Amino acid sequence: DLDGAIESQKDALDLSKKAHGEDHPFAIGILQNLANTLSQSARVKEAEPYLRKAVELSNKVLGETHANTLRTRQNLALNLWNQGRLPEAAGSHP
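Computed from a predicted model, the values in this text were never measured in an experiment.

Enquirer: Looking at this structure, I do not really get the side chain of T69. What am I missing?
Expert: Of note, T69 is situated in helix α4 (residues 67-82). Apart from the residues within four sequence positions on either side, T69 is in contact with S58, N59, L62, G63 and E64.

The structure is reproduced here in structure tokens:
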């Protein structure tokens, strides 16, 4: 059940932020997973802010060229593409 998975991931994100802080790599991974699950549920607009936050934190914590950062930027581009925001999608990935 994707709705149950989404709620579990939101709970895990809250717990991770409380335990380790928002910019811990584990919290960033949960943001990415939550956004992916939302996208799989055809909730791409709802997924976008989670992806944007994950990109922001990944750039800060891991660096712009880290594989996880690049993957997250690619996921954001796909999300924007799926929303029909093609020019923005093209500009979101190097």
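Enquirer: Mind showing me how you'd approach helix α3 (residues 44-61) here?
Expert: With 18 residues, α3 extends 25 Å between its outermost C-alpha atoms, agreeing within 8% with the 26 Å of an ideal straight helix rising 1.5 Å per residue. Those residues of α3 not exposed but buried are V44, A47, E48, L51, A54, V55, L57 and S58. Among the structural elements, α2 (25-40) and α4 are those in contact with the buried residues of α3. Immediately beyond the C-terminal end of α3, within one or two residues, lies G63, with a positive phi of roughly 100°.

Enquirer: What should I look at first to understand the pattern of salt bridges in this one?
Expert: Any two side chains of opposite charge can pair if their charged atoms end up close together. Taken as a whole and judged by the stated rule, the model has ten salt bridges. Here D23 makes a salt bridge to K60, at a shortest N to O gap of 3.4 Å. Of this pair, D23 sits in the loop between α1 (2-20) and α2 while K60 sits in helix α3, and the two are 37 residues apart along the sequence. You can call D23 partly exposed: its relative accessible area is 31%. Classification of K60 by relative accessible area gives exposed; the value is 61%. Within this structure, D3, K10, R43 and E46 form a network of salt bridges that share partners.

About the criteria used
- Residues numbered from 1 in each chain as written.
- Predicted model: local features only at pLDDT ≥ 70, side-chain atom pairs only at ≥ 80, totals over all residues.
- Heavy atoms only, no water.
- Helix = DSSP H or I, 4+ residues; strand = E, 2+ residues; numbered from the N terminus.
- Contact = heavy atoms within 4.5 Å.
- Expected span 1.5 Å × (residues − 1).
- Buried < 20%, exposed > 50% of the residue type's maximum accessible area, 1.4 Å probe, protein only.
- Salt bridge = Lys/Arg side-chain N within 4 Å of Asp/Glu carboxyl O.

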